[in-house]
Amino acid sequence: MAFCNPLFRHSLHRAGWRIFTASLTIGLAMLLAVQPSLAQSINIIRDTEIERWLYKHERPLLKAAGMDPDSVHIHIVQDPSLNAFAAQSPIAGNSEDIFVNTGLFFHLKTPNEVIGVLAHETGHIAGGDALRSGVAMNKAGIPMLIGLAVGVAAMAAGAGEAGIGAMMLGQQAGMAQYLKFSVAQEGTADQRGQKYLRATKQSGMGMLDVFTRMANENAMSMYYNKEFISDHPADRERVDMMRQIAEASPYANVKDSPEAMHEFRMIQAKLTGYLSDPDQVLIRFPVSDTSDEALYARTIAYFRKPDLQKALSEINTLIKRHPQNPYFWEVLGQINVEMSQPQKGIGPYQKSVDLMPDAPLLRIALAAAQLATENPALAKPAIANLKIALQQENDNAFGWYEAALAYSLEGNNAMADLATAERYYTTGAMGPAARFATRAAHKLPQGTTDWQRANDIMSIATREAKEQRR
């Protein structure tokens, strides 16, 4: 029975997302067709170790910005490009979130560089740039629509070339208007980010290094057109201003500690193991390399080949060195389950949960291993783990899927239907959510909390399903 691995992937589909900045790359597709809202589908990676690392560094920045550290979520995007952006949140109750490409870990060299990018994105969120950017995009659409109308009229009158020219001028005018706004917005986010780094006693040189590199790459690109394409002032003027602020900070020369560098390299090794070709990973990290990061990368590369015995050997070496690391136990549990030995995977997963009891993804993985044994006696502890995990993360569709399996194994069809309704509701499939919630409501004891929840989902999902069809 297959279930998600630590790098659990899913796509987010939300109509109406407004991506207002792509801080390290040029949003050309967006700019060529400026719209007030976009339908986005991006591939999200879930991993406790990487998420915890990002939150550890983001929360102090949010506090420095005067924001609630729990108000912003971070999403890891499986994309090799050097990019991060802030966007309207796909999670109910959040205004804006931060999205970090996996390429950020491959292209950047130090934790301070990644933290500098996070500080820049925090500057966008603190400034409310999503809303203001949407207004600017709407205004930019006016000259584009005028150009379109004039062009259509000219073409209808037989002046085809003139009509096409009018459309192009309208598009260029709209783009220029939006870019003028965006350039100012980016510079302000730089300044805010540097302020937050200083407030948290961190160097701003990492942010400077990243944008200096981008400025140099843009300057060398034959396709770089500052007037009409670049929505970021990634040029010498921007870098010079950032340099003045960063060098004036009393923390300019603060370096990443050896412990911080080790932690960062382990994340790089983990992502390399999961996202790169296994054979290439083994070339990059030969068996002669006995460092922790090499063992980590090789573990995952062997796991993906698959050569599970070698994977077990490498991860067990890491566990002997670092027995209190929950992520190594997590990988050991996963390898055992993938070897069709879920019973052997339960112990390592339980150890990871014992070491980090507040990590919902670890508990869900433990519950999935328990259910993979198909032993009815393990349904109850699996449900207990899933209840804790889903209280912490009630929008986890895979967690609700496993909960439905657990209740079915226990013979509780009413709760299995409710869990399935929750899963569909979480993913936005309102039709199935309404059907399963209705089934659950008819079976559950009236007046109970679960019965009320089924009725709530039934009511909301039925209404939204009608809206979706319409």
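Each chain carries its own residue numbering, running from 1 in the direction its sequence is written. Side-chain atom pairs in this predicted model are given and counted only at pLDDT of 80 or more, local residue features only at pLDDT of at least 70, and totals for whole chains, interfaces and linings cover all residues. The basis for every side-chain value is the complete set of heavy atoms in the structure, and neither hydrogens nor water enter the calculation.

## Notes on the overall build of the chain
Condition: Helix numbering and strand numbering both begin at the N terminus, where a helix is a DSSP run of H or I of at least 4 residues and a strand a DSSP run of E of at least 2. Three exposure classes are used, based on accessible area relative to the maximum for each residue type with a 1.4 Å probe and protein chains only: buried under 20%, partly exposed in between, and exposed over 50%. We call two residues in contact when some of their heavy atoms are within 4.5 Å. Here the accessible surface of atoms and residues is derived via Shrake-Rupley with a 1.4 Å probe, and residues count as covered only by protein chains that are part of the display.
What the chain contains, in helices and strands, is 20 helices and five strands. The burial tally for the chain puts 52% of its 470 residues in the buried class. Relative to all contacts within the chain whose residues are 6 or more apart in sequence, the contacts with residues 24 or more apart total 68%. Counting every atom, the chain has about 21300 Å² of accessible surface; 55% of that belongs to carbon and sulfur.

## With respect to the pattern of salt bridges
Where charged atoms from two side chains of opposite charge come close, those side chains can pair. Worth spelling out the cut-off: Only one rule defines a salt bridge in this text: a Lys or Arg side-chain nitrogen within 4 Å of an Asp or Glu carboxyl oxygen.
Tallying each qualifying case throughout the model produces 17 salt bridges. The closest approach of N and O atoms between Asp70 and Arg59, which form a salt bridge, is 2.7 Å. Here the residue Asp70 occupies a position in the loop between α2 (48-64) and β3 (74-77), and Arg59 occupies one in helix α2, the gap between them amounting to eleven residues. A relative accessible area of 55% places Asp70 in the exposed class.

## Brief notes about the packing of aromatic side chains
Where we set the bar: Pairing of aromatic rings covers Phe, Tyr and Trp, the last through its six-membered ring, and needs centres within 6.5 Å; plane angles under 30 degrees mean stacked, over 60 mean edge-to-face, and all others mean tilted.
Taken as a whole and judged by the stated rule, the model has seven aromatic pairs. A ring pair is formed by Phe85 and Phe99, whose centres lie 5.0 Å apart and whose planes are at 10 degrees; its orientation type is stacked. Here Phe99 lies in strand β5 (residues 96-101) and Phe85 lies in strand β4 (residues 84-88), a separation of 14 residues in the sequence. Relative accessible area serves as the criterion here: at 8%, Phe85 is assigned to the buried category.

## Observations concerning the confidence of the model for the chain
For the record, the criterion: Scored between 0 and 100, pLDDT is the confidence that the predictor attaches to each residue.
The pLDDT averaged across the chain works out to 82; a share of 75% of its residues lies at or above 70. Here residues 173-181 is modelled with pLDDT under 50, and outside its nearest four sequence neighbours on either side it reaches 27 contacts, counting other chains as well.

## Focus on the environment of Pro348
Inspection of the secondary structure assignment puts Pro348 in helix α14 (residues 342-355). C-alpha separation for the pair Pro348 and Asn336, spaced twelve residues apart in sequence, amounts to 9.0 Å. Not counting the four nearest positions on each side in its chain, Pro348 is found in contact with Trp329, Leu332, Gly333 and Asn336.

## Concerning the packing of α2 against helix α4 (residues 111-126)
Operational definition: Under this scheme, a helix contributes an axis fitted over its contacting stretch, all axes are lines through C-alpha atoms, and angles between N-to-C directions fall in the 0 to 180 degree range. Under this scheme an angle from 65 to 115 degrees is roughly perpendicular, one under 35 degrees roughly parallel, and one over 145 degrees roughly antiparallel; angles in between are oblique. Two helices crossing with the near one rotated counterclockwise from the far one by less than a right angle form a left-handed crossing, whereas a clockwise rotation gives a right-handed crossing. Polar here means any residue outside two lists: the nonpolar Ala, Val, Leu, Ile, Met, Phe, Trp, Tyr, Cys and Pro, and the charged Asp, Glu, Lys and Arg; Gly therefore counts as polar.
For the pair α2 and α4, interaxial distance at closest approach is 10 Å and the crossing angle is 50 degrees. Taken together, α2 and α4 sit at an angle that is classed as oblique. As for how α2 packs across α4, the hand of that crossing is right-handed. Between α2 and α4, the contacting residues are Trp53, Leu54, His57, Glu58, Leu61 and Leu62 on the first element and Pro111, Val114, Ile115, Leu118, Ala119 and Thr122 on the second. Residue classes in the contact of α2 with α4 are distributed as nine nonpolar, two polar and one charged.

## Digging into the pairing of β4
Moving residue by residue along a regular strand, the side chains alternate between the two faces of the sheet. Here is the rule we go by: When DSSP finds two or more bridges between a pair of strands, those strands are recorded as paired.
With four of five residues buried, β4 lies mostly within the body of the structure. Judged from the five bridges that link them, β4 and β5 form a sheet pairing that is antiparallel. Across the sheet, the residue bridging to Ala86 is Ile98, located in β5.

## What to know about the environment of Thr122
With respect to the helices and strands, Thr122 occurs in helix α4. A relative accessible area of 0% means that Thr122 is categorised as buried. Expressed as a C-alpha distance, the spacing of Thr122 and Ala64, which sit 58 residues apart in the sequence, is 9.8 Å. Residue contacts for Thr122: discarding those within four places in its chain leaves Glu58, Leu61, Leu62, Ala65, Ile98 and Tyr196.

## Overview of helix α13 (residues 326-338)
Rule in force here: By definition here, a helix of n residues has an expected span of 1.5 Å times n minus one. Within 3.5 Å is the distance limit for a polar contact, defined as a pair of N or O atoms, with the added protein rule that one can donate a hydrogen and the other accept it, and that residues adjacent in sequence qualify only through two side-chain atoms.
The end-to-end C-alpha distance of α13, which contains 13 residues, comes to 19 Å, matching closely the 18 Å that a straight helix rising 1.5 Å per residue would cover. α13 sits mainly inside the fold: twelve of its 13 residues count as buried. Along α13, the residues classified as buried are Pro326, Tyr327, Phe328, Trp329, Glu330, Val331, Leu332, Gly333, Gln334, Ile335, Asn336 and Val337. In this fold, the buried residues of α13 make contact with α2, α9 (258-275), α11 (292-304), α12 (308-321), α14 and α15 (360-372). Of the residues flanking the start of α13, the one acting as N-cap is Asn325, its side-chain oxygen 2.9 Å from the backbone nitrogen of Tyr327. Two residues or fewer past α13, Ser340 is found with a positive phi of approximately 60 degrees.

## Details of unusual backbone geometry
In this model, Lys305 is joined to Pro306 through a cis peptide bond whose omega is 0 degrees. Among the structural elements, Pro306 can be located in the loop between α11 and α12. We note that Glu374 has phi near 60 degrees; this positive angle belongs to a residue other than glycine. Within the secondary structure layout, Glu374 lies in the loop between α15 and α16 (379-392). According to the relative accessible area criterion, Glu374 is exposed, its value standing at 58%.

## Structural notes on the packing of α9 against α11
Helix-helix packing is characterised by the crossing angle of the two axes and by the distance between the axes. Two elements in contact, α9 and α11, have axes separated by 8 Å at closest approach and are oriented at 20 degrees. On the basis of their axis angle, the class for α9 and α11 is roughly parallel. For the crossing formed where α9 meets α11, the hand is right-handed. Where α9 approaches α11, its residues His262, Arg265, Met266, Ala269, Lys270, Gly273, Tyr274 and Leu275 are matched on the opposing element by Asp292, Glu293, Tyr296, Ala297, Ile300, Ala301 and Arg304.

## A word on the pairing of β5
Counting buried positions over the six residues of β5 gives six, a clear majority of the element. Along β5, one buried face is formed by Glu96, Ile98 and Val100 and the opposite face, lined by Asp97, Phe99 and Asn101, is buried too. Note that β3 and β5 share four bridges and pair parallel. Its bridge partner being in β5, Ile74 is matched across the sheet by Ile98.

## Some words on α15
Compared with an ideal rise of 1.5 Å per residue, which puts 13 residues at 18 Å, α15 spans 18 Å between its outermost C-alpha atoms and is within 8% of the ideal. α15 sits mainly inside the fold: 13 of its 13 residues count as buried.

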